[in-house]
Amino acid sequence: MATSQSGWNASDWNLEDSEFEPEEGWHFGQLDNGLRYVIRPNERPEGTALVRMYIATGSLDETEEERGFAHFVEHMAFNGSTNVPEGEMVKLLEREGLAFGADTNASTGFDQTQYKLDLPRADSELLDTALMLMRETVSELTFDPAAVERERGVILSERRSRNNYSFKNTLDSFDFLYPEGRISTRIPIGTVDTLNAATAAGLRAFWEREYLPSDTVVVVVGDFTVEEAEERIIRHFADWQRSGTSKKVDAGTIDPMRTGETDIYVDPALTETLTLARHGSFIDRPDTLDERHKALLRSIGARILNRRLQTLVRSEDAPFRGVQIGVSDFFEAGRTAELSVASEDGQWRPAIMAAVREYRTALQYGFSEAEVAEQMANLRTAYENAERNAATRRNAAFLRDVELIVEGDRVPAGPTVNLANFERFAAGVTPEAVLAAFREDAIPLDEPLIRFAGKSAPEGGEAELREAVQSAFAQPISPYDQSEQQNFAYTDFGPSGEVIEDRRIESIGARAITFANRVRLNLKPTDLADNNVLISVAIDGGQALETRDNPNAVALASLLPAGGLGEHSRDELQSILAGRAVRAAFSAGDDAFQASASTTPDDLELQLQLLTAYIVDPGYRAEGLGPWRKSLPDFYAKLGKTPASALNEARYPLLTDNDPRFVRQPIEEYSQLDYDQLSRNISDRLQNGAIEIGVVGDIDEARVIELVSRTFGALPQRETDWRDYDDGRRQLPFTTDRGVHVVTHEGEADQAMVRLIWPTVDDDDWREVSALNLLARVVQLELTEKLREELGQTYSASVSSSPSSRFDDFGTFEMGVSVDVDQVSAARAAMGEVLRRLRKQPVSDDVLQRARQPVLQSLDNRFKSNSGWLQVVARAQSQPKEVERILQARTRYESYTAEDLQELAMRFLDPAGAVDIRVLPRDAPEAATER
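Sequence order as written defines the numbering, with residues in each chain counted from 1. Residue-level local features of this predicted model are given only where pLDDT is at least 70; pairs of side-chain atoms are given and counted only at 80 or more, and the full residue set underlies all totals for whole chains, interfaces and linings. In computing side-chain properties, one takes all heavy atoms of the structure into account and sets aside hydrogens as well as water.

**A word on the packing of aromatic side chains**
Moving on, step 1. Paired rings are identified among Phe, Tyr and Trp, the last through its six-membered ring, by centres lying within 6.5 Å, and are further divided according to the angle between planes into stacked (under 30 degrees), edge-to-face (over 60) and tilted (the rest). Counted by the stated rule, this structure contains 24 aromatic pairs.
Moving on, step 2. Centroid distance phenylalanine 110 to phenylalanine 174: 6.5 Å. Interplanar angle 70 degrees. Geometry classified as edge-to-face. In this pair, phenylalanine 110 sits in the loop between β5 (104-108) and β6 (113-119) while phenylalanine 174 sits in helix α5 (residues 165-177), placing the two residues 64 residues apart along the sequence. Just as phenylalanine 110 is buried, phenylalanine 174 falls in that class too.
Moving on, step 3. Ring-pair connections join several aromatic residues into one group, and the members of that group are Trp8, Trp13, Trp26, Phe28 and Phe398. Under the DSSP-based scheme used, a helix requires at least four consecutive residues in state H or I and a strand at least two consecutive residues in state E, with every element numbered from the N terminus. A simple rule labels every residue: compare its accessible area, found with a 1.4 Å probe on the protein chains alone, to the largest value its type can have, and call it buried under 20%, exposed over 50%, or partly exposed in between.

So, in structure tokens, the structure goes:
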């Protein structure tokens, strides 16, 4: 059957009001049955593709009795169809190299269900398989009653795992803000009662009613020709016939006249948050040039206001921990304006006073020329860099454009048109125009709906909250005082460094440079992404500086950039660097501090100057710790409030016999940490430690070498090599206290986790490490099959192997599940059965292939991105064996046999030798603790 039309037709996508045409390269079509499709040929990453299917149905389409059915049907797509037996869909894809979860997934929202397949190879047969499975999903599901019963347990497990303090807070917020809206009664996960009552016939009825060709969009983005993709879409979907009528999503109503109501919600794990809200009428904004101009003006006003609030958050004595202000659509039923402040416990009043003051100041006095110029510079840079990268956009970027079309939002005209429009608008972007657009979009927050959430109710209750809000809107305000912008002070680090060694690393096509001061530089030009450069800077130290006597030595390392530089605060840097693709991140790895950045060829020099400045003159300004200090009480209050949190806190203390480096210190210990302590611990490494730099991407080698010679190469002499740190800090014995350990949590009474952990090895033996990783994938498949498919017990089974590069002879192998507290014993027995079977006999060839193939495909694709190359280039001189390890990985994984994995299971996974952790509610049944 031929298509009824091929090509762009705006009316097919509810975009008749758009003044734009899609960028060249898109292909659109519609079948006679109403199904629409989009194809975008693209070669980044080369030889890969993304396949998506969007169904215009979600939880808002459910009746009272069907709550949770849209999500239930999504699960049943993986549980048997006319041509794919139950349990075989995921296996079929695993054999082709698609890992479940990472490459094979689906999601259900309020108004849409999406099916996702990420193809690691753009070959015709795999595309055919992907589209065949999509077709099976929409027209061939069998809804076998036994399969429904098994999947019910999985979905109930998923709902149980999500049912925590945050989820309940969200539900209460929906109930309060949208009492006439349907979202609070149509959460996609459904209710326990409706899920338990779901039948195969009921699910089929929902599926047949809602899965219609006219409500379906199929998308192929990747390394296929239009002709190839289109022929297969037509072949698989043209004969799909199902009658029905598409209908508009019913989100309920919201009342713009509703004012003056208050809600107080309390939970001991919640961050204290005060929200002011008002509703307004929905505005149907056409996709026109004029409307995009207005949208730009509105966004600049919002950016400036958020920039001002960000300045306050970064102050040493910030009035709030965080703040959000904005206006959002509630589907097409209306709009909601919200001002929300998160504060330290008991500090909600000064927090709302400060936030309202800034909001009212913006509305009353507007914005300065300098503030508008800063945001325009940032936006111009973003548009220019997007245009320069247009020819090497990755599949995911095009997928974001597809979603704009599918949602009937706007037509993606492409980076060149976007930049041209921005420049066309630029002359009209004045402070006056920005203020006018900001005011026009605002919904007055007088007599707002007030919602308080926190660990305890505010003193004075609702009356006190409303009085404080009224006082906030009555306080005097004055124009915003903006400091003058400075020039960047770090452009000269001394005489350029001399190159004393220059060689090629032929195996990876990289260039290795050593400067006279012993700074090392590794370069790898690529054509994978135009106008993109990735940088990694490794400095000897990192977590290796932690000792049992000084376990918090680098606890604040990631906050180094927050302290700014000696000459500039972090906030000043944001203005100085406006319009430049320059950023800085800092962290502590196993044996090195890591600074990283993504920039452009034009901004490479400034980026290197900034990274060098953080090494030679970190600011250590106390204000950088303000937000972190204020977050500590809240962070500690959340510990143990869910099973996962309780496990994370207990796991390593149990495994290491309470080694201080892995024990959460009392809050008083963390509160006393400051930049003086951090400086004492890391200054020597910043000043003297070995440095290795990796630069990958759209680069000119000679220019990079010259720029690094003027920055890092100009530093005083560095140590040549990484230190061994062999003074005992590399030793970490694994506990001898095996058996059952009970950890309690303060979450829901039906939530539990079981985790088995064994000691393994460090990461020195490449073959053994890779084999353990493959074994983990095998165990994951077998455990999932047992728990999910056979017993229908759990949504999430997790297995991992973690060899240490920091500690000698230390590593872990873990397998775990999240289950109902009454299922702990059965789950533990099932885990034991899987272990015994793995140790007794080799797994089948099919299981081995399904475990191995996604790994091989991942390895085949790892060098199709700059980030993949940076992983091997970053430490190519100091860790040359790692280069060899990475390059030989595929050969290793191909060589393992089922017998090899059985031998590993026999050697490491003795059921009696595991640390058996049971994470249980305080009043759990005794049976849950039995071995």
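**Focus: the environment of valine 742**
Moving on, step 1. By the secondary structure assignment, valine 742 is in strand β20 (residues 739-745).
Moving on, step 2. Distance in space between the C-alpha atoms of valine 742 and arginine 182 is 41 Å, their sequence separation being 560 residues.
Moving on, step 3. Contacts: residue pairs with any heavy atoms within 4.5 Å of one another. Each residue touching valine 742, except ones within four places of it in the same chain, is listed here: Arg918, Leu920 and Thr929.

**What to know about the nonpolar core**
Moving on, step 1. In this description, a nonpolar core means a group of buried Ala, Val, Leu, Ile, Met, Phe, Trp, Tyr and Cys residues linked to one another through side-chain atoms lying within 4.5 Å. Among the nonpolar cores identified, the biggest contains 70 residues, and Val51, Leu119, Leu203 and Phe237 are the most heavily contacted of them.
Moving on, step 2. If one sorts the elements of this core by residue count, helix α3 (residues 124-139) sits on top with 7 residues.
Moving on, step 3. Counting residues in hydrophobic clusters, the runner-up holds 49 residues, among them Leu556, Leu673, Leu707 and Leu715.

**Some points on the sheet that holds strand β22 (residues 797-803)**
Moving on, step 1. Paired strands, in this sense, are two strands between which DSSP finds at least two bridges. If you trace the 5 strands from one edge of the open sheet to the other, you get β20-β24-β21-β23-β22, paired in mixed fashion. Strand pairing shows two members of the sheet lacking a second neighbour, β20 and β22, which therefore form its edges. For this sheet, the mean inter-axis angle between neighbouring strands, taken without regard to orientation, is 20 degrees.
Moving on, step 2. The pairing of β22 with strand β23 (residues 811-820) spans 7 bridges and is antiparallel. Pairing of serine 798 across the sheet is with glycine 816, part of β23.
Moving on, step 3. Fitted lines through C-alpha atoms serve as axes, helices being fitted only where they are in contact, and the angles separating the N-to-C directions of these axes extend from 0 to 180 degrees. Across the sheet, helix α4 (residues 145-162) lies against β21 (751-759) and β23, angled at about 105 degrees from β23, the strand it touches most.

**Some words on the sheet that holds strand β18 (residues 592-599)**
Moving on, step 1. Taken in spatial order, the 7 strands make up an open sheet running β13-β14-β15-β19-β16-β18-β17, and their pairing is mixed. Every interior strand has two partners, whereas the edge strands, β13 (499-505) and β17 (585-588), have only one. With strand direction ignored, the average angle separating the axes of adjacent strands in the sheet is 15 degrees.
Moving on, step 2. Sheet analysis places β13 next to strand β14 (residues 510-515), joined by 6 bridges and oriented antiparallel. Residue glutamate 501 lies in a different strand from β14, and its bridge partner there is threonine 514.

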